Amino acid sequence: MLSMTGYGRGEYREGGIELSVEIKTVNNRYLDAAIKSPRIFAAYEEVMRGRIREKLTRGHADVYVTLSDKREKKKALVLDEGAALSYAAAAKRLSEILPEVPFDLTATSLLRMPDVIVRDEGQSADDELLAALDSALVSALDALNVMRAREGDKLKADMLSRMDTIESLVNRVAERAPLVAEGYMAKLEEKIKKYLDGVAPDEGKLLTEVALFTDKSNIDEELTRLTSHIEQFRDICGAPIVGRKLDFLVQEFNRETNTICSKSNDITITKLGLELKNEIEKIREQVQNVE
């Protein structure tokens, strides 16, 4: 079982390349990644997302990439033709205004002007940089999953402990359920005798009334399904990716418990049902943290 919350960091330091990737994940219904990286990696963000999808299935991931490239290499320079033409036009206009000033503009002097020659920051990453990025990203994802697994084990232990409590409550409801009809029959008999001033009630009609009540308040099916859900919950917890299955199963727990509370017509079972709902809600909150 994996938690959706975690942190991982990966680094690559070789041949003048210093690159780090940090990943922080939080709960989210679907997988969503927000990547902040140097512009040089802009064209490779989808490749990064693909690598993330290999390791994550749910959650929001914030990915931060930092790069320091200290390799000796030729600097890519770009001529800003618009800036050069503007400088040339300004120089020509100045010579017209001040004819006594010699017009000595040259290509070399234009190249020295600010912003005529700029470094190309939009150049694409080379193979060495991409390999470094992939290595650091994989390391960060692996470190992230180690933390998520550790947190997932804690969530699993907590949920299974609460499932033991739920099983105990279900067993107490099952023990109480057969007594509900008996109690109803005794109360009904007492009321009839009271209102009929000691006259013995018709046994056949009394049994018919009790039978109708028993049928309406019968919760055997709900108890059977809850017992099955408990077994399924424990089985599912043994798998690595369980969030969506557990989320659906918790809804089924709630549905059966609500039905028991509405059908039981017994204060003891109602109180046990409310305790059940409380434990189920606590599990539901934990399931939201699980991938």
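Each remark here, short or long, concerns the structure printed above.
Residues numbered from 1 in each chain as written. Predicted model: local features only at pLDDT ≥ 70, side-chain atom pairs only at ≥ 80, totals over all residues. Heavy atoms only, no water.

**Observations concerning the side chain of Glu222**
Position of Glu222 relative to the elements: it lies in helix α6 (residues 220-236). If sequence neighbours within four positions are ignored, Glu222 has contacts with Glu256, Thr259, Ile260 and Lys263. (Helix = DSSP H or I, 4+ residues; strand = E, 2+ residues; numbered from the N terminus. Contact = heavy atoms within 4.5 Å.)

**Some remarks on α6**
Given 3.6 residues per turn, any residue in an α-helix points the same way as the ones three and four places further on. Counted at 1.5 Å a residue, the expected span for α6 with its 17 residues is 24 Å, and the 24 Å between its end C-alpha atoms agrees. Residues of α6 that are buried: Glu222, Leu223, Leu226, His229, Ile230, Phe233 and Ile236. Viewed end-on, α6 has its buried residues packed into an arc of 145°, placing them on one side of the element. Turned more than 90 degrees away from the buried face of α6, the exposed residues are Glu221, Thr224, Glu231 and Asp235. (Expected span 1.5 Å × (residues − 1). Buried < 20%, exposed > 50% of the residue type's maximum accessible area, 1.4 Å probe, protein only. Arc of directions from axis to C-beta.)

**What to know about the environment of Asp104**
By the secondary structure assignment, Asp104 is in the loop between α2 (81-97) and α3 (107-111). Residue classification places Asp104 among the exposed residues on the basis of a relative accessible area of 61%. Spatially, the C-alpha atoms of Asp104 and Ala91 are 9.1 Å apart, while their sequence positions differ by 13 residues.

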